[in-house]
Amino acid sequence: MKTYPLYLNGEFIATDNIWPVINPATGEPFARVSTIERARVAQAVSDAHAAFPSWRKLTGKARGLFLRTIADELERRRDEIARTMTMENGKPLAQSLTEIAMSIDHLQWFAEEARRTYGRQVPHQVDGKRHLVIRTPMGVIAAITPWNFPLVLAVRKVAPALAAGNTIVLKPAEQTPLSALGIAECVSAAGLPKGVFQLVLGDAAPIGQEFLQNPLCRKITFTGSTEVGKILIAGAAQGVKPLSLELGGNAPVLVFEDADFERAVEGVLIAKTRNIGQSCIAANRIYVQRSIYEKFLDAFTRRMKALKVGNGLEPGVDIGPLIDEAGLTKALAHIEDAVTRGAHLLCGGKRIGEKGFFVEPTVMAEVAEDALCMKEETFAPVAPIRAFSTEDEAIRMANDTASGLSAYAFTNNLDRVFRLMESLEAGTIGINDGVPSTSNCPFGGLKQSGWGRELGSEGIDAFLETKHVSLGLQI
């Protein structure tokens, strides 16, 4: 069983403290990874701070060339890294390859954005003055990333932070460190100066405290649960440390009677089952207009029943295992709760086998509004469906949540499209589109789904300071 190192100050470092990496399809370890204590994390931050002055002095074009080289390395190693991702995360291999393609596109996008961190000249209001607004990098960035998209969600932070001229210390999720290590290997092959990018792993709480309390760490960017986000907010208040937060979701899907029916069924299926339903933008609550409700239930249930469940490395698999026993337990508890509250179980509902963390693709109808699966992220291929009568009712139910990360709607009524765009409380809205995220548009949430935006031009803005320079001139 291979033991993987960390990437610290330009070197791959193995330690005596190791953690197992579990394959969720088997429930057994297949690799081990090195970990470090808080003191070594502090050293990584110090090394990143030392690397910052020379990295920030590079032109945006030069930093972009480094990102392009990382992207090229990722493309060269795509099959190997995709296989590793499937083994540690469980997602089907085809989806791992798609995640790598998205990561490459993110790197290429921010390689170009590195040239475009524009300032501006502001017309003066007093004779003898001129005003400039300039954008400058922040310094050392700490990035904390989750297990569900272990490569692309790390790249969403690493690429813009580096493009803007910052250095970065990445702490991936303990369940999926090897995908992040793939980034480190591509960084090393690209020849980035030492200290510009580093990869740390260890107990989350002390590492988070180091990031929060170390004054050399100028910002934390985090993707994960709303609960952990609130802990970071409380800790950041002590040092007034900036945060970017992409937190939990509870995405509604609205299917109207005027929608292209087949397109709606397929769109909802993708939004529900991509990444085994383990996505912050997954379709968590499905609302269907009453006139097509029974027809939709029949068609959607048939599609869910047809999905192939198995080890993500097997050909043709649509649904892999959930990430761990806790994820499986939560999914089964949400199903049981919904049925107890009166939901009709149309398919699925049970664990598959005793080896690995598999659950049957599940569809439930007539799900109560107060069921756990309607109030919390289920993070599983579990689809609760409820009918609505009017557009106003659908919007009310869709917005009845503390989250606001994403929402979906299927309709061919152009007037309704504009009403939904303005009324749905979500940072990303997919209209007749089950996969709305893209490199060139901002991604982030409203309400308790987070602060700030990733991707798009906003994605690099998150890692830049804005300065006003007032010039007193003799005219």
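Please read all numbers here as calculations on a predicted model, not as lab measurements. (Residues numbered from 1 in each chain as written. Predicted model: local features only at pLDDT ≥ 70, side-chain atom pairs only at ≥ 80, totals over all residues. Heavy atoms only, no water.)

> Can you walk me through the overall build of the protein chain in this structure?
Regarding its fold elements, the protein chain presents 15 helices and 25 strands. Relative to the compact-globule value of 23 Å for 475 residues, the protein chain shows a C-alpha radius of gyration of 23 Å, a close match. Counting only C-alpha atoms, the protein chain reaches 75 × 65 × 40 Å along its principal axes. A total of 475 residues make up the protein chain; the buried ones form 56% of that total. With the model as given, the accessible surface of the protein chain reaches about 19300 Å², and the carbon-plus-sulfur share is 52%. A distance of 6 Å separates the average location of the 51 positive side-chain charges in the protein chain from that of its 54 negative side-chain charges. (Helix = DSSP H or I, 4+ residues; strand = E, 2+ residues; numbered from the N terminus. Rg over C-alpha atoms; globule rule 2.2 N^0.38 Å. Buried < 20%, exposed > 50% of the residue type's maximum accessible area, 1.4 Å probe, protein only. Areas by Shrake-Rupley, 256 points an atom, 1.4 Å probe, with all protein chains shown as cover. Lys, Arg positive; Asp, Glu negative; His and termini not counted. Charge placed at Lys NZ, Arg CZ, Asp CG, Glu CD.)

> Just to check I follow, could you spell out the sheet that holds strand 15 (residues 344–347) for this structure?
Across a sheet, paired strands are connected by hydrogen bonds in the backbone, their directions being either parallel or antiparallel. The seven strands lie next to each other as 15-18-19-14-13-21-22, forming an open sheet whose pairing is mixed. At either margin of the open sheet sits one strand with a lone partner, and together these are strand 15 and strand 22 (428–431). Averaged over all pairs of adjacent strands, the angle between strand axes in this sheet comes to 20°, irrespective of strand direction. Where helix 10 (residues 293–305) meets the sheet, it contacts strand 13 (251–255), strand 14 (283–289), strand 15, strand 18 (362–365) and strand 19 (382–388), and its direction lies at approximately 170° from that of strand 19. In the packing of helix 13 (residues 391–399) onto the sheet, the strands contacted are strand 13, strand 14 and strand 19, and the crossing angle to strand 19 comes to about 145°. (Pairing = 2+ DSSP bridges. Axes fitted to C-alpha atoms, helices over the stretch in contact; angles between N-to-C directions. Contact = heavy atoms within 4.5 Å.)

> Can you help me understand the sheet that holds strand 4 (residues 18–23) in this one?
The three strands lie next to each other as 1-5-4, forming an open sheet whose pairing is mixed. Either end of the sheet is taken by a strand with one partner, and the two such strands are strand 1 (3–4) and strand 4. Examined bridge by bridge, strand 1 and strand 5 (residues 28–34) share two bridges and lie parallel to one another. Directly across from tyrosine 4, in strand 5, lies its bridge partner valine 33. The strands touched by helix 3 (residues 78–89) are strand 4 and strand 5; relative to strand 4, the strand with the most contacts, the crossing angle is about 90°. Seen against the sheet, helix 6 (residues 177–190) touches strand 1, strand 4 and strand 5 and runs at an angle of roughly 45° to strand 5.

> It is not clear to me how the side chain of threonine 378 should be interpreted in this structure. Could you clarify?
With respect to the helices and strands, the residue threonine 378 is situated in the loop between helix 12 (372–375) and strand 19. Once residues lying within four places of it in the same chain are set aside, the contact partners of threonine 378 are Asn284, Lys330, Ala331, His334 and Cys373.

> What is the right way to read the layout of surface pockets from this model?
Over the atoms rolls a probe the size of a water molecule, and its path tells where empty space is left. In this structure, the largest pocket occupies an estimated 1100 Å³ of space. Lining of the largest pocket is provided by 44 residues; of these, Phe222, Gly224, Ser225, Thr226 and Val228 occupy positions nearest its centre. The dominant element in the lining of the largest pocket, judged by the number of residues it contributes, is helix 7 (residues 204–213), at seven residues. Quantified by volume, the second largest pocket comes out at close to 330 Å³. Within the residue set of the lining of the second largest pocket, elements represented by two or more residues are helix 4 (93–113) and helix 9 (261–273). It is helix 4 that provides the largest number of residues to the lining of the second largest pocket, a total of six residues. Here the residues of the lining of the second largest pocket sort into seven nonpolar, eight polar and six charged. (1 Å grid on protein atoms, 1.4 Å probe; cavity = no way out; pocket = protein on both sides within 12 Å on 5 of 7 lines; lining within 4 Å. Points joined across faces, edges and corners; volume = space filled by probe spheres on them. Nonpolar A, V, L, I, M, F, W, Y, C, P; charged D, E, K, R; others polar.)

> Is there a simple way to explain helix 5 (residues 152–163) in this structure?
Because each turn of an α-helix spans 3.6 residues, side chains separated by three or four positions in sequence point in the same direction. Under the 1.5 Å per step criterion, the end-to-end length of helix 5 is 16 Å for 12 residues, consistent within 8% with the ideal 16 Å. Most of helix 5 sits out of view: 12 of its 12 residues are buried. For helix 5, the set of buried residues is Val152, Leu153, Ala154, Val155, Arg156, Lys157, Val158, Ala159, Pro160, Ala161, Leu162 and Ala163. One or two steps after helix 5, the chain reaches glycine 165, where phi turns positive at roughly 105°. (Expected span 1.5 Å × (residues − 1).)

> Just checking my understanding: could you explain empty space enclosed by the protein for this structure?
Evaluation of the coordinates by the stated rule reveals five cavities of 30 Å³ or more. Surrounding the largest cavity, 13 residues form its lining, Phe149, Leu153, Arg156, Ser279 and Ile281 being those nearest its centre. Grouping the constituent residues of the lining of the largest cavity by class yields seven nonpolar, three polar and three charged.

> Can you help me understand unusual backbone geometry in this one?
The general pattern is negative phi for most residues beyond glycine and trans for most peptide bonds. The backbone of asparagine 275 sits at a positive phi, close to 60°, despite the residue not being glycine. Counting through the fold element by element, asparagine 275 comes out in the loop between helix 9 and strand 14. Although it is not a glycine, phenylalanine 379 sits at a positive phi angle of roughly 55°. Of note, phenylalanine 379 is situated in the loop between helix 12 and strand 19. Looking at phenylalanine 379, the relative accessible area reads 17%, which means it is buried.

> Help me out: how do you make sense of the state of the cysteines in this one?
What makes a disulfide is a covalent bond joining the sulfur atoms belonging to two cysteines. Throughout the structure, instances matching the rule amount to zero disulfides. In this structure cysteine 280 is a free cysteine whose sulfur lies 17 Å from that of cysteine 373, the closest cysteine sulfur available. Accessibility expressed as a relative area gives 13% for cysteine 280, which makes it buried. (Disulfide = S-S within 2.5 Å.)

> Help me understand a nonpolar patch on the surface, please; the structure alone is not making it clear to me.
A surface patch of nonpolar side chains, about 420 Å² in accessible area, is lined by Leu132, Ile134, Leu471, Leu473 and Ile475. Following the sequence through the fold, leucine 473 ends up in the segment after strand 25 (464–472). Since its relative accessible area comes to 39%, leucine 473 is described here as partly exposed. (Patch = residues over 30% accessible without salt bridge, like charges linked within 9 Å, V, L, I, M, F, W, Y side chains within 5 Å. Salt bridge = Lys/Arg side-chain N within 4 Å of Asp/Glu carboxyl O.)

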